[in-house]
Amino acid sequence: MTTDPVSVPGPLLRVNQIPRQSLKSPIGEVEETVTAISEEGSVAGGGDGGGGGDEGKRMMAIEHDPEDLTREMLEVIDTVRSFGEFRRTQRKECFNLVRRLQLVVPLLEEINELETPISDAAYARLCDLAEAFSDAKKLLRCCHDGSKIYLALESETVVGKFHAVYEKVNRALAGMPCHELGITDEVREQVELMNVQLERAKRRTDTQDMELAMDLMVVLSGKEDLDVDRATLERLARRLQLQTLPDLRAETMAIKRLIKDGCGQNDESTQQIIDLLNRFKQIAGIEDSNGLSEVALPKYLEKCPSLMIPNDFLCPISLEIMTDPVIIATGQTFERQSIQKWFDAGHRTCPKTRQTLAHLSLAPNYALRNLILQWREKNKVELLKKEADLDSEPADHEEEIPSLVEDLSSIHLDKQRRAVKKIRMLSKENPDHRIAIAQNGGIPALVSLLTYPDSKIQENTVTALLNLSIDEGNKKLIAKGAIPAIIDVLKTGTVAAKENSAAALFSLSMLDEIKLMIGNLNGIPPLIDLLQNGTIRGKKDAATALFNLVLNSKNKARAIEAGIIAPLLKVLGDKNLGMADEALSLLFLLTLHPDGCHAMGQQSFIQTLVEFIKEGTSKNKECALAVLLELGSHNSSLLSAAIQFGVCEHLAEILKSGTDRAQRKAKALISKCEQVQ
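Residues numbered from 1 in each chain as written. Predicted model: local features only at pLDDT ≥ 70, side-chain atom pairs only at ≥ 80, totals over all residues. Heavy atoms only, no water.

A. Seen up close, the overall build of the chain. The number of helices and strands found in the chain is 36 helices and 3 strands. For the chain, the proportion of its 677 residues judged to be buried stands at 51%. Only carbon and sulfur atoms are counted for the fraction: they give 49% of the accessible area of the chain, which is about 30900 Å². (Helix = DSSP H or I, 4+ residues; strand = E, 2+ residues; numbered from the N terminus. Buried < 20%, exposed > 50% of the residue type's maximum accessible area, 1.4 Å probe, protein only. Areas by Shrake-Rupley, 256 points an atom, 1.4 Å probe, with all protein chains shown as cover.)

Encoded structure:
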């Protein structure tokens, strides 16, 4: 999606970071400044290409040939795509990172095809990019098979690692001399747009499961001599997928690796992880004889000096050190940002006591704030910059908003252009600005500009509306009059305007009534056209919007009638797009409609599904199995065709090594196939 950077509510976080002193983990290396790519081999960096031993020789050997670096980065992309699934707590961020890494492929391929040596500056940027890719691979591997408990407890640490990777990729791409390298305009534009997305990613965190965070808080705050509510523990185990013997064994091994690699790890945090694992074992009815109780806090960790943070300094919601503590009606103290997000989510109770609040006023706790500052100064604790720090600069512009909204209706074209561009920028990152623009009548004024003949005004307007739609309260205001015009821009606008129009329709369609409205206003056919004829970014934005829309049963029929199946099959067959998951997910939704099943009932498509079941990623296999199962439930001849293409052999393999969901689908398919045979 080519939208401007926008901020969304951040996650509930477990423990505040103490940079360079925080928990060490399999992903700990991401924050460090290193001089060589990973141990798997790639580049010995540093300095001017010198260095000792084999590493220095290797650097000299490849400093004018980028082929090794580009090949290694392409291999990283293949590796992380093969992971297929990630831990629940970081799943969305992982898939976003994988998707962003894949966006670099066209650039790497063009550099790989260069026939002339590249300059030292270009090679240095390529080395930086390779280093970032190596860090990304380590991070994604940890989120793929690392400790589920650790990743849930230390969510802020992990978010910091993602941001560090985005910073490195952003820095490398921003300094890449694309003109000098002769990179094509289309790829150069893609790099520029990716940098915009990376800037957004560095300032943004996604909303974490509130119930999961609250359950963790309840479990971890319980005293040792008191039993935590069994229902809370069972719910937490279910959410972390730590209920079965294999899952608990795998978690045990992951924790052992964590302890082995984390000699500087905080012993209290490690003990919390171990204690929580033991509680999960107890509620699962697993005895110590099963070998799951071997994890214990090592003696060297017990003796290792660590900084103990006073509990009163930690926010009860985020469990991070407070920088702006405030008191609510029950007398409890929280970090201002965390409790405000709790209120913004519609809660009117105290997160700690569960009491209904008499009012939502916040009173600064100056005494505690001073104590925290003194403690930090004494212990030389430096906190990472928070989102609030990034918002401080745009806050200075809030007083401009009324005049900017007024200028949207100016008779002077230059004033209009400046105003709409400024509003687009102000609505990027600051939630307060999005609200203020709407309160000052900015939405109707922007809607009136959507039909303006100036393409730049039109593009900035639809992007500003996209940014404003992030606020839930603005969605209905925008939908009242903007949807027909947004659909027109989707049909006739510039490339970027079409992409952002699709993204805007996706954002607006989060509300069920707007899904139906977009369908009624004939918004589905132009999205299908973008899916068929757009750029890679356009295709992805269109697929995302269409997925949301066809959740509505009437829109399923509209999409099928508008010819969505053929473009989806084409997208599915184009491996260069990397959109198999999106296409298969959409196709599955369409199989739930009789006309969709009929439109997909071709043997060539069944063969494609069998190939994905055989060789696809874990997610590919799950989706392909779901589609085939649904098709086969309505048409036994399609199952017969699948059997002829060898599906039974692949189903047997999935029963041995597939994901839980894939195994369930495989069992159901085997049962169906047996009936056919």
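B. Broad picture of the packing of aromatic side chains. Under the defined criterion, the tally for this structure stands at 2 aromatic pairs. Ring plane angle 85° and centroid distance 6.2 Å describe the contact between phenylalanine 83 and phenylalanine 86, whose orientation is recorded as edge-to-face. Exposure class is identical for phenylalanine 83 and phenylalanine 86. Each is buried. The interplanar angle of 80° and the centroid separation of 5.4 Å between the aromatic rings of phenylalanine 86 and phenylalanine 95 together place this pair among those described as edge-to-face. A relative accessible area of 3% means that phenylalanine 86 is categorised as buried. Look at phenylalanine 95 and you get partly exposed, because its relative accessible area is 31%. One aromatic cluster in this structure is built from Phe83, Phe86 and Phe95. (Phe/Tyr/Trp six-rings, centres within 6.5 Å; stacked < 30°, edge-to-face > 60°.)

C. Structural detail: the side chain of asparagine 620. With respect to the helices and strands, the residue asparagine 620 is situated in helix H33 (residues 618-634). Apart from the residues lying within four places of it in its own chain, the contact partners of asparagine 620 are Ala580, Asp581, Leu584 and Phe612. (Contact = heavy atoms within 4.5 Å.)

D. Main features of the nonpolar core. Of all hydrophobic cores here, the largest spans 94 residues; its most connected members are Ile606, Leu609 and Leu631. At 9 residues, helix H23 (residues 472-492) tops the list of elements feeding residues into this core. Excluding anything up to four places from it in sequence, leucine 631 contacts Thr591, Cys597, Met600, Phe605, Ile606, Leu609 and Leu638. Counting 70 residues, the second largest nonpolar core, distinct from the first, contains Met194, Leu212, Ile273 and Leu277. (Core = buried A, V, L, I, M, F, W, Y, C linked by side-chain atoms within 4.5 Å.)

E. Fine view of the sheet that holds strand E2 (residues 333-335). Spatially, the 3 strands line up as an open sheet ordered E2-E1-E3, and their pairing is antiparallel. A strand with exactly one partner marks an edge of an open sheet, and here the two such strands are E2 and strand E3 (363-364). Bridging between strand E1 (residues 325-327) and E3 involves 2 bridges; their strand directions are antiparallel. Bridged to isoleucine 327 within E3 is alanine 363. (Pairing = 2+ DSSP bridges.)

F. The arrangement of unusual backbone geometry in detail. One non-glycine residue with positive phi stands out, namely glutamine 241, at about 55°. On the basis of relative accessible area, glutamine 241 is assigned to the partly exposed category, the value being 40%. Phi at asparagine 522 takes a positive value of approximately 65°, unusual for a residue other than glycine. Mapped onto the secondary structure, asparagine 522 falls in the loop between helix H25 (512-520) and helix H26 (524-533).

G. H33, seen in detail. Here H33 spans 25 Å end to end across 17 residues, near enough to the 24 Å set by a 1.5 Å rise per residue. Restricting attention to buried positions, one finds in H33 the residues Asn620, Glu622, Cys623, Ala624, Leu625, Ala626, Val627, Leu628, Leu629, Leu631 and Gly632. Where the residues of H33 are buried, they touch helix H30 (580-591), helix H31 (594-600), helix H32 (603-615), helix H34 (636-644), helix H35 (647-657) and helix H36 (660-676). (Expected span 1.5 Å × (residues − 1).)

H. Quick peek at helix H27 (residues 536-549). For H27, with 14 residues, the first-to-last C-alpha span of 20 Å sits near the 20 Å given by 1.5 Å per residue. Most of H27 sits inside the fold, with 11 of its 14 residues counted as buried. Among the residues of H27, Arg537, Gly538, Lys539, Lys540, Asp541, Ala542, Ala543, Ala545, Leu546, Asn548 and Leu549 are the ones counted as buried.

I. Region of interest: the pattern of salt bridges. For the structure shown, the criterion picks out 19 salt bridges. Put simply, glutamate 131 and lysine 168 hold a salt bridge, and the shortest N to O gap is 3.0 Å. You can see glutamate 131 sitting in helix H5 (residues 120-145) and its partner lysine 168 sitting in helix H7 (residues 155-174), a full 37 residues away along the chain. Just as glutamate 131 is buried, lysine 168 falls in that class too. In this structure, glutamate 622 engages arginine 661 in a salt bridge whose closest nitrogen and oxygen atoms are separated by 3.4 Å. (Salt bridge = Lys/Arg side-chain N within 4 Å of Asp/Glu carboxyl O.)

J. Quick peek at the confidence of the model for the chain. Per-residue confidence for the chain gives a mean pLDDT of 77; residues scoring 70 or more make up 79%. Per-element confidence in the chain ranges from a low mean pLDDT of 34 for helix H1 (residues 53-62) to a high of 94 for H26. Below a pLDDT of 50 lies the segment residues 223-228, which in the model reaches 4 contacts outside its immediate sequence neighbourhood of four places, other chains included. Low pLDDT, under 50, characterises residues 287-306; the predicted model gives this stretch 38 contacts beyond four residues in sequence or across chains. (pLDDT = per-residue confidence, 0-100.)

K. Focus on the packing of H33 against H36. The geometry of H33 relative to H36 is characterised by a closest axis approach of 9 Å and an angle of 30° between their N-to-C directions. As the angle between them shows, H33 and H36 are arranged roughly parallel. As for how H33 packs across H36, the hand of that crossing is left-handed. Facing H33, whose interface residues are Glu622, Cys623, Leu625, Ala626, Leu628, Leu629 and Ser633, H36 presents Arg661, Ala662, Lys665, Ala666, Ala668, Leu669 and Lys672. (Axes fitted to C-alpha atoms, helices over the stretch in contact; angles between N-to-C directions. Parallel < 35°, antiparallel > 145°, perpendicular 65-115°, else oblique. Left-handed = near helix turned anticlockwise from the far one by under 90°.)

L. Representation of the state of the cysteines. A complete count under the given rule lists 0 disulfides for this structure. Unpaired in terms of disulfides, cysteine 142 finds its nearest cysteine sulfur in cysteine 143, a separation of 5.5 Å. (Disulfide = S-S within 2.5 Å.)

M. Highlighting the environment of leucine 140. Tracing the chain through its elements places leucine 140 in helix H5. A residue is classified by how much of its surface remains accessible, and leucine 140, at 0% relative accessible area, is buried. Once the C-alpha coordinates of leucine 140 and glutamine 90 are considered, the two residues, 50 residues apart in sequence, prove to be 9.4 Å apart. The residues touching leucine 140, leaving out its near neighbours within four places in the chain, are Val80, Phe83, Phe86, Cys94, Leu97, Val98 and Leu101.

N. Region of the structure containing the environment of leucine 242. One can find leucine 242 in the loop between helix H11 (230-239) and helix H12 (245-261). Owing to a relative accessible area of 0%, leucine 242 belongs among the buried residues under this scheme. On a C-alpha basis, the gap between leucine 242 and lysine 148 in space is 8.3 Å, while along the polypeptide they are 94 residues apart. When sequence neighbours within four positions are dropped, the list of residues in contact with leucine 242 reads Lys148, Ile149, Ala237, Asp247, Leu248, Glu251 and Phe280.

O. The arrangement of the environment of aspartate 488 in detail. The residue aspartate 488 is located in helix H23 in this model. Under the relative-accessibility criterion, aspartate 488 is labelled partly exposed at 41%. Taking the C-alpha atoms as reference points, aspartate 488 and leucine 450, 38 residues apart in sequence, are found 8.7 Å from one another.

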